[in-house]
Amino acid sequence: METLPEPTREKRNSVIVRAIVMTADGRSRERRVRNLSRHGACIEHDNDLSTGATVMLHMGSMPDLVATVRWVSDRLAGLSFNELIDLDEARKPRGVGVTPRAGWIADLNNPYR
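Quick look at the structure, then. Quick caveat, the model's predicted, so the values are computed rather than measured. (Residues numbered from 1 in each chain as written. Predicted model: local features only at pLDDT ≥ 70, side-chain atom pairs only at ≥ 80, totals over all residues. Heavy atoms only, no water.)

1. Observations regarding unusual backbone geometry
Thought 1: The phi torsion at Asn47 lies on the positive side, around 55 degrees, for a residue other than glycine.
Thought 2: Within the element layout of this structure, Asn47 appears in the loop between β3 (40-44) and β4 (54-59).
Thought 3: Here Asn47 falls in the exposed class, since its relative accessible area comes to 62%.
Thought 4: Look at Asp64: it is not a glycine, yet its phi comes out positive at around 60 degrees.
Thought 5: By the element assignment, Asp64 lies in strand β5 (residues 62-72).
Thought 6: Judged by its relative accessible area of 48%, Asp64 is partly exposed. (Helix = DSSP H or I, 4+ residues; strand = E, 2+ residues; numbered from the N terminus. Buried < 20%, exposed > 50% of the residue type's maximum accessible area, 1.4 Å probe, protein only.)

Okay, here's the thing in structure tokens:
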């Protein structure tokens, strides 16, 4: 009998990124993301996640990333995102946005305006 080849898994990027993880019961905690791909992530946890649970992440400049917990070990959990993510946006520090370059907003904090 011929065995089917295993599907190739997308390369994971080793990262240390902070993310806010919200569980279905409304709890939110800051967690470290250990590795990341467009399809999922491996995060640290304190035994507060279980396989099959749905969570929401705020990571980088992307809020409201919905993911499913695929596996759990003592201190790590594997997440699968519901939609593909932009890795560059996920790596941006939270709260960093576009800086206005024109119009009255660009001069909002200018003491000489």
